[in-house]
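# Descriptive structure summary
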Amino acid sequence: MQFWVAQTLNSLAFGGLLFLLSSGFSLIFGLMRLANLTHGALFMLGAYIGAYLMRAFPGTSLWMAALASGIAVAVFGGLLERFVLRRLAGNALGQVLLTLGIAFIISDGCLLVFGGDPIPLSTPHWLARPVFLWGFIFPAYRLAVVVLAVFAALGLHILLDRTRLGAMIRAGVDDMAMARAVGIPVSAIFTLVFCLGSAIAGAGGVLAGPILSAYPGLDGDMLPLALIVVILGGVGSITGAFVGSFIIGAIYTFGIALLPDLAYVILFLPMILVIAIRPNGLFGRMAV
Amino acid sequence: MKTRGLYIAISLVSLIVLPFVAGDFYINLATQVLIAVVFSASLNILVGYAGLSSLGHAAFLGFAAYICAGTTVTLGLPPLVAAVLALAGTTLLAAIFGAIALRASGLGFLMITLALAQVVWGLAYRWVGLTNGDNGLTGLTRPHPFGVSLDSPAAFYLATLLTTGIALTVIAILVGSAYGVSLQGTRDQPRRMAALGHNVWLVRWTAFIIAGFWAGVAGLLYVYYQRYIHPSVLSMATSAEGLLGVIAGGSGTLAGPVVGAALVVILKNYASIYIERWNMLLGAVFVLIVLVMPDGIVPGVRRLLARRDR
């Protein structure tokens, strides 16, 4: 029984991390029709920046590191969008190849700067001890990650559904030409959304640190999962990313635990099923 | 047209003479170039002629290589049977992956092919009982077709050259055929093609399968050249290198993948002498090509020549 409870919590925590990664990817794709293949690398970059900050400035808490790293990655993403990707506006394939190239550069750059050994990020000490509830042991940090992901989802939901800015973003997703025509500054919103998505990925990388560590290949491990989540949940939908993340988180975690050989195949079954039955994804309004 | 035939004749002769005059290092380098050419040319069917950008083409190369190595080393099957099994299995895999990925087009297609290829990569790493995981499969010996030993670099080079020649010829014939023209029609005007009564999905699906088959051929060459297979062959970097070969050379041209793949392999070999950071260089070349030469080298040179002739 302890096994099932622990694995359930693990899968929820992993799903939460996946949401932090894939929500930004989904937003950027939905608004800009841009498959940002640097997203996994930004997640990893965030984790490394966090690890560096916590090592260079002892006493930096994980939360401070996540905040700083999120801002740093957001700035990086904003510059990337404004000065590089913008030059290829309208050329979807060119943009994908460019983000792929930059992903390789970031990933190899991290290996060059931080070395090949995994760097674990330390858990905040008040969350480091397990919690006992109803006779079961819960690692407190994983509970905190789930709570944070839920808050992030709520925040994004409120931003998109309840604010003026959110209405402008949604207008851009639904009909960009019309949004421009009624005076919405779509260009500035592109950059803003790119920064926002990058920030969530960067901060998510730091929050993943105590569970996954920062290691070379983290980007390559996470990016396909984000793709599967977005294909499953539907492009541009925060609800879709949320539901998809927890489905994939659960399948991945239980798959690794129960059928380690075939975890990757199992991971992939819901994606095939969704593509076959609902090509737009569970909550998507447009085709991928 | 006459000069073009002359160029082809000269390059053919020099390619055949090469193993008799060059050292083993250059022969092996040339073999690697040829394998990359087959791989990029197969991907070009999809990217260039069908207009479907796949980022998961390494799956077919790696799958064929793994089946070949696995059935030969573990089951002890003769090389011919292993090769047939590998190609049949890869073609089947391409049929399945194609049926899934072609539910989407454009960026969705790209994302699905990438995700599918990562699944094969994950399997190769994790299913240790079958693939020996991170240790890879060793102990493969090169076959002796018709009693000819391919153990020397020169012999293997010539066999690879022959295979590459067949692959490029078949692909050239395919592209020029009625089917090839309808494939390019589905790339440029899918709706009109559908209105004209062509089954766009079927045309694309067969292109996907054909591309997968030739990537499998490249995989066989690869595994017999290396006599070793590791899961990293299935990584996104392999797919990206193949795609870079297509884009750098010029997608949708016959010569493009040849030039592009040669460039990538030679760059990779020479770069790795001086620096360890191949992936960073690969990324930088991607950025450079996309920003500076989005059409690729072959169309760029062709444009220059056309300007000179005028």
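Residues numbered from 1 in each chain as written. Chains lettered and ligands numbered in written order. Predicted model: local features only at pLDDT ≥ 70, side-chain atom pairs only at ≥ 80, totals over all residues.

### Topic: the overall build of chain A
Helix and strand content of chain A: 12 helices and 2 strands. Reading the secondary structure of chain A in the N-to-C direction produces α-α-α-α-α-β-β-α-α-α-α-α-α-α. Taken along the three principal axes of its C-alpha coordinates, chain A extends 60 × 45 × 35 Å. Split into buried and exposed, the 288 residues of chain A put 53% on the buried side. For chain A, the proportion of contacts with a sequence separation of at least 24, taken over those separated by at least 6, is 76%. (Helix = DSSP H or I, 4+ residues; strand = E, 2+ residues; numbered from the N terminus. Buried ≥ 20, exposed ≤ 12 C-beta atoms within 10 Å, placed from the backbone. Contact = placed C-beta atoms within 7 Å.)

### Concerning the overall build of chain B
When helices and strands are tallied, chain B shows 14 helices and 0 strands. Each helix and strand of chain B, placed in order from N terminus to C terminus, yields the pattern α-α-α-α-α-α-α-α-α-α-α-α-α-α. Relative to its length of 310 residues, chain B is compact, with a C-alpha radius of gyration of 19 Å against a globular reference of 19 Å. Dimensions of chain B along its principal axes, counting C-alpha atoms only, are 55 × 45 × 40 Å. Sequence separation of at least 24 residues holds for 76% of the intrachain contacts in chain B that already meet a minimum separation of 6. (Rg over C-alpha atoms; globule rule 2.2 N^0.38 Å.)

### Re the interface of chain B and chain A
In this complex, chain B contributes 33 residues to the contact, which on the side of chain A involves 36 residues. Elements represented by at least two residues in the side of chain B that touches chain A include exactly helix H5 (107-126), helix H11 (236-249) and helix H13 (278-292) of chain B. A total of 12 residues in the side of chain B that touches chain A trace back to one element, the largest contributor, which is H5(B). Counted by class, the side of chain B that touches chain A contains 22 nonpolar, 8 polar and 3 charged residues. (Nonpolar A, V, L, I, M, F, W, Y, C, P; charged D, E, K, R; others polar.)

### Regarding helix H11 (residues 238-258) of chain A
Its 21 residues give H11(A) an end-to-end C-alpha distance of 30 Å, which sits within 8% of 30 Å, the value for a rise of 1.5 Å per residue. Here H11(A) lies mainly inside the structure; 15 of its 21 residues are buried. (Expected span 1.5 Å × (residues − 1).)

### Considerations on unusual backbone geometry
One non-glycine residue, Ser213(A), lies in the positive phi region at around 70°. Of note in this structure, Arg227(B) is not a glycine but carries a positive phi near 55°. If you trace the backbone, Arg227(B) turns up in the loop between helix H10 (200-226) and H11.

### Some words on the environment of Ser53(B)
Here Ser53(B) shows up in the loop between helix H2 (24-49) and helix H3 (58-74). Given 23 C-beta atoms within a 10 Å radius, Ser53(B) is considered buried. Taking C-alpha positions, Ser53(B) is 28 Å from Tyr224(B), a pair spaced 171 residues apart along the chain. Once you skip the residues sitting within four places of it in the chain, Ser53(B) turns out to touch Leu93(A), Val47(B) and Leu110(B).

### Digging into the environment of Gly284(A)
Residues and elements named next belong to chain A. Relative to the elements of secondary structure, Gly 284 occurs in the segment after helix H12 (263-277). Overall, Gly 284 belongs to the buried group, with 23 C-beta atoms counted inside 10 Å. Taking the C-alpha atoms as reference, Gly 284 lies 24 Å from Val 265; in sequence the two are 19 residues apart. Among all residues touching Gly 284, those that are not within four sequence positions of it are Gly 234, Val 235, Gly 236, Ser 237 and Gly 240.

### Some words on the nonpolar core
One finds Ile228(A), Ile231(A), Val38(B) and Trp214(B) to be the most contacted residues of the largest nonpolar core, which totals 208 residues. When residues in this core are grouped by element, the largest group, 18 residues, is from H10(B). If we ignore the near neighbours within four places in the chain, the residues touching Ile228(A) are Ile248(A), Leu267(A), Phe268(A), Met271(A) and Ala115(B). (Core = buried A, V, L, I, M, F, W, Y, C linked by C-beta atoms within 7 Å.)

### Digging into the packing of helix H2 (residues 39-56) of chain A against helix H10 (residues 218-233) of chain A
Residues and elements named next belong to chain A. In contact at an axis separation of 8 Å, H2 and H10 are set at 135° when each is read in the N-to-C sense. By the criterion of interaxial angle, the relationship of H2 to H10 is oblique. For the pair H2 and H10, the crossing hand works out as right-handed. Judged by residue contacts, His 39, Gly 40, Ala 41, Phe 43, Met 44 and Ala 47 of H2 engage Leu 218, Asp 219, Gly 220, Met 222, Leu 223 and Ala 226 from H10. Split into classes, the residues belonging to the contact of H2 with H10 amount to 8 nonpolar, 3 polar and 1 charged. (Axes fitted to C-alpha atoms, helices over the stretch in contact; angles between N-to-C directions. Parallel < 35°, antiparallel > 145°, perpendicular 65-115°, else oblique. Left-handed = near helix turned anticlockwise from the far one by under 90°.)

### Points about the confidence of the model for chain B
Atomic detail in the predicted coordinates should be set aside for any region of low pLDDT. Residues and elements named next belong to chain B. Averaged over all residues, the pLDDT of chain B equals 87, while 99% of them reach at least 70. Summarising per-element confidence for chain B, the mean pLDDT is lowest in helix H6 (residues 128-131) (77) and highest in H10 (94). What the predictor reports for the complex is a pTM of 0.87 with an ipTM of 0.82. (pLDDT = per-residue confidence, 0-100.)

### Details of the packing of helix H6 (residues 140-162) of chain A against helix H7 (residues 164-174) of chain A
Residues and elements named next belong to chain A. Running from N to C, H6 and H7 cross one another at 75°; their axes reach a closest spacing of 5 Å. It follows from the interaxial angle that H6 and H7 lie roughly perpendicular. Only Leu 165, Gly 166, Ile 169 and Arg 170 of H7 make contact with H6, whose side of the interface consists of Leu 159, Leu 160, Asp 161 and Arg 162. Classifying every residue of the contact of H6 with H7 gives 4 nonpolar, 1 polar and 3 charged.

### Examining H10(A)
Residues and elements named next belong to chain A. The end-to-end C-alpha distance of H10, which contains 16 residues, comes to 22 Å, matching closely the 22 Å that a straight helix rising 1.5 Å per residue would cover. With 14 of 16 residues buried, H10 lies mostly within the body of the structure. Downstream of H10 by a residue or two, Gly 234 has a phi angle that is positive, lying close to 105°.

### A word on the environment of Ser107(A)
With respect to the helices, strands and loops of the structure, Ser107(A) is situated in helix H4 (residues 92-114). Remark: the alpha-carbon pair of Ser107(A) and Met54(A), spanning 53 residues in sequence, is separated by 20 Å. If we ignore the near neighbours within four places in the chain, the residues touching Ser107(A) are Ala41(A), Met44(A), Asp219(A) and Asn279(B).

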